Each structure stands twice: as C-alpha cells, then as structure tokens.
Amino acid sequence: MNALDRYALRRTVREAGQMLALAGVASPEVDARLLAEHLLGGPLLLADGAPEGFTAAYAALVGRRAAREPLQRILGVMWFRGLELECRPGVFIVRPETEVVAGAAIEAARAVASEEGRGPVVVDLCAGSGAIAAAVAAEVPLARVWAVEIDAAALALARENCERLAPGRVEVVGGDATAPAVLAELDGRVDVVVSNPPYVPAGEVEDVETAGYDPDLALYGGGADGLRLPLAVVERAAALLSPGAVLVMEHDPGQGAALRAAALGAGFTEAVTGQDLAGRDRYLRAVKERASRA
Ligand SMILES: C[S@@+](CC[C@H](N)C(=O)[O-])C[C@H]1O[C@@H](n2cnc3c(N)ncnc32)[C@H](O)[C@@H]1O
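Residues numbered from 1 in each chain as written. Predicted model: local features only at pLDDT ≥ 70, side-chain atom pairs only at ≥ 80, totals over all residues. Heavy atoms only, no water.

**Brief notes about the sheet that holds strand E11 (residues 281–288)**
The strand order across the open sheet built from seven strands is E7-E6-E5-E8-E9-E11-E10, with neighbouring strands paired in mixed fashion. Here the strands that pair on one side only, and so sit at the sheet edges, are strand E7 (170–174) and strand E10 (268–275). Strand-to-strand twist in this sheet, taken as the mean axis angle between neighbours without regard to direction, amounts to 15°. As judged from the five bridges shared by strand E8 (residues 190–195) and strand E9 (residues 241–250), these two strands associate in the parallel manner. Residue pairing across strands places valine 194 opposite valine 248, the latter belonging to E9. (Pairing = 2+ DSSP bridges. Helix = DSSP H or I, 4+ residues; strand = E, 2+ residues; numbered from the N terminus. Axes fitted to C-alpha atoms, helices over the stretch in contact; angles between N-to-C directions.)

**Considering the UniProt feature "binding site: substrate" (unreviewed entry) in the chain**
The UniProt record annotates "binding site: substrate" (unreviewed entry) at Asn196, Pro197, Pro198 and Tyr199. Tracing the sequence through the fold places proline 197 in the loop between E8 and helix H8 (208–213). When neighbours within four sequence positions are excluded, proline 197 is seen to be in contact with Cys126, Pro230, Val233, Met249 and Glu250. Secondary-structure assignment places tyrosine 199 in the loop between E8 and H8. With residues up to four places along the chain from it excluded, the contact list for tyrosine 199 reads Leu219, Tyr220, Gly221, Asp225, Gly226, Pro230, Glu250, His251, Asp252, Gln255 and Arg282. At 2.7 Å, the side chain of tyrosine 199 and the side chain of glutamate 250 are in polar contact. (UniProt positions renumbered as here; feature names shortened; annotations may be inferred. Contact = heavy atoms within 4.5 Å. Polar contact = N/O pair within 3.5 Å; in protein donor to acceptor, adjacent residues only side chain to side chain.)

**Details of the pattern of salt bridges**
Counted according to the given criterion, the structure contains 16 salt bridges. For the salt bridge of glutamate 37 with arginine 33, the shortest nitrogen-to-oxygen distance reads 3.1 Å. One end of the pair, glutamate 37, and the other, arginine 33, are both in helix H2 (residues 28–40), four residues apart, so they sit about a helical turn from each other. Look at arginine 33 and you get partly exposed, because its relative accessible area is 33%. Its salt-bridge partner being arginine 118, residue glutamate 116 comes within 2.9 Å of it at the nearest N-O pair. (Salt bridge = Lys/Arg side-chain N within 4 Å of Asp/Glu carboxyl O. Buried < 20%, exposed > 50% of the residue type's maximum accessible area, 1.4 Å probe, protein only.)

**Looking at the site of the ligand**
Residues in close proximity to the ligand total 19 residues, the closest being Cys126, Glu149, Asp176, Ala177 and Asn196. Within the backbone of cysteine 126, one N or O atom sits 2.9 Å away from a nitrogen atom of the ligand. Measuring from an oxygen atom of the ligand, one finds a side-chain N or O atom of asparagine 196 at 2.9 Å. For the ligand, the accessible surface in isolation is 600 Å², of which the surrounding protein chains cover 96%. Residue composition of the shell around the ligand, grouped by class: 12 nonpolar, four polar and three charged. (Near = heavy atom within 4 Å. Areas by Shrake-Rupley, 256 points an atom, 1.4 Å probe, with all protein chains shown as cover. Nonpolar A, V, L, I, M, F, W, Y, C, P; charged D, E, K, R; others polar.)

**Considerations on the UniProt feature "domain: Release factor glutamine methyltransferase N-terminal" (unreviewed entry) in the chain**
When the UniProt feature table is mapped onto this chain, "domain: Release factor glutamine methyltransferase N-terminal" (unreviewed entry) is found at residues 14–76. For residues 14–76, the end-to-end C-alpha separation is 23 Å, with 63% helix and 3% strand making up the annotated structure.

**A short note on the nonpolar core**
Judged by nonpolar contacts, the single largest core of 39 residues is most densely connected at Phe80, Val122, Val136, Val145, Val170, Val172 and Val248. Ignoring any residue separated from it by four or fewer positions in sequence, one finds phenylalanine 80 in contact with Leu85, Val94, Arg95, Thr98, Glu99, Ala102, Ala131, Ile132 and Ala135. Ranked by size, the runner-up nonpolar core spans 30 residues in total, among them Trp146, Leu186, Val234 and Ala271. (Core = buried A, V, L, I, M, F, W, Y, C linked by side-chain atoms within 4.5 Å.)

**Re the packing of helix H1 (residues 6–22) against helix H3 (residues 54–66)**
Contact geometry of H1 with H3 gives a least axis separation of 10 Å together with a crossing angle of 15°. Judged by the angle between their axes, H1 and H3 are roughly parallel. Pair H1 / H3 crosses with right-handed handedness. Contact residues: H1 offers Leu9, Thr12, Val13, Ala16, Met19 and Leu20, while H3 offers Phe54, Tyr58, Val62, Arg65 and Ala66. Classifying every residue of the contact of H1 with H3 by side-chain character gives nine nonpolar, one polar and one charged. (Parallel < 35°, antiparallel > 145°, perpendicular 65-115°, else oblique. Left-handed = near helix turned anticlockwise from the far one by under 90°.)

Listed below in structure tokens is the structure:
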C-alpha cells in the first residue's frame, strides 16, 4: 500500500523543484525528479505512488541538494557521453563541457582508425574518475587507451569505472602525468593525447558546489594564471605524440591564446581553440609537427 498516491507524489516532487529553485540550483525540476526516482527505483512517469518512508527520505535528499551538495554526489553516479560512472567523495565530478572535449579526441582517434586501418593509441592525462578514457574506449572500439592520474582516490575510481565500462581496454597508471618517466615507453608512439588538467587560476571565484566538493588538486592549475599544469601537459604531450598526431586539452575560457602560443613553441604546427556548447573557448587542439619524423 502506498503512503502517497500518484497525485500526492507528483505534488511533492513539484514542490521540491520549487524549493531547489529558491536555493539557486541550476536545474531544479530535473534534480527534484532524479532524487525521487533514486528512491522510487524507476521513472516518476510510471509511479503509481510512493511507499511508507518515502516522504522523510525524499525530504532529506532534497535538503542536501538545497544545501548545494552536488546531485551526482548524492546519487553516487554521474553521466558522461551516455556512460554512467560511479561518483565518489574526493574525486572530481566530470562536467558536461568536457563531453565536447572528449568528442574532439574521439574524432581524432576515429580518423586514425579509418585512415590508417589500425587501432589508435590514446592517452588521457589527469584522468580523474576515468570518464574521458572510458568514453574513448567505449566509442572507439579498436583504441588502446592509457590513463594517468596522481591522486590515490581518483586512481582507484578510474580503475573501477574503466574496468566496468570498458573491460580490459584501459590501462590506468598512477603517477604525475607531466613526468617524462611516466609512460616513457609510449614516447613518440601516441596518436591522441587528451587531457582535462587542473587549470583554474589562483583565487578565481568558484561556484559554491565546485568550491565545496571538488578537490583543490583537481581545480587549480598552479600560478596566478592557472597555467603551470596545462603548460606541462603540452610539453609532455609533445614527447608522447607521433608526428602528425593530435593533442586535445580542456582549458579555462581565458587561456586559449596562451596555450596556442605554447603549443606552437613546443613542436606543434596547427593550434586552434575549440568552443564548448555555450560558445566559450574551451579546448586546445594542436597537431604535432610532421617535419620531426625521422
Ligand atoms: C579537472 S580534474 C579532471 C578529471 C577528469 N579528466 C575529468 O574530466 O573529469 C583534474 C584531475 O587531474 C589530477 N591531477 C592533478 N595533478 C596531476 C598530475 N600532476 N598528474 C596526474 N594527475 C593530476 C587531479 O587529481 C584530478 O583528478
């Protein structure tokens, strides 16, 4: 027997959406519905009502969201290019804008597969939860993928997410992604390096959910302009990539010109800035010099 009938359930979810809107949540109705579905175990659309205990449990979840705990953290899952990844405290929550960045890397990897008829070698530097690496493996069936992450909690999660979503397809390595010794065996042999490194400039105001729940190690790129890590990734990518191969790296909207210049000075020929779905400058796409082919 349901404690809430179908009408009372929908009214409760509607009121939760209004409460989340007042709290400043960006997508209040969607979040209210997803929190309800988390407890119901299925689509709200199909629910005839809710059982005893739903009201109190739902109020608790909505209260956490109203206090601006990220939805993914409450649900324990996050979504990326159609994949459902586990989300854990202490590990960066993958963002929608990164789907476009991963898409550019996937396109470059597919071009290698179709033009050269072989499995492309792809490296994800600063892998976090493993979202990009898992997406590349899932969407480019022939790709051989490596992922590097320095933080122990993120490393463990990346291993689990990649193994579940692309079994046996991603080698997840612990270490400093900018250190020449890490993946040195792949130097000069990689077709695509993709990276979403820490790049936030020092002291730049972050939204309350980012500041409260994403680790500083994942956010701040180092230095006043946030470019220390991204510049080191450009250098490391230049060593990993084969001639004519592609680097795709996410960055802050204000870092496009500096990173294009850095890439051109580090052995890349073409360097362009790509935009995210909101039209903001969001990633560097650079091609490694072909003239350096021995
Ligand atoms: C912005 S997060 C991105 C994570 C993931 N690529 C994504 O898009 O969700 C940056 C990640 O880089 C990791 N990181 C920071 N410095 C690093 C380094 N020197 N080497 C490897 N990983 C690093 C952080 O721990 C964090 O997981």
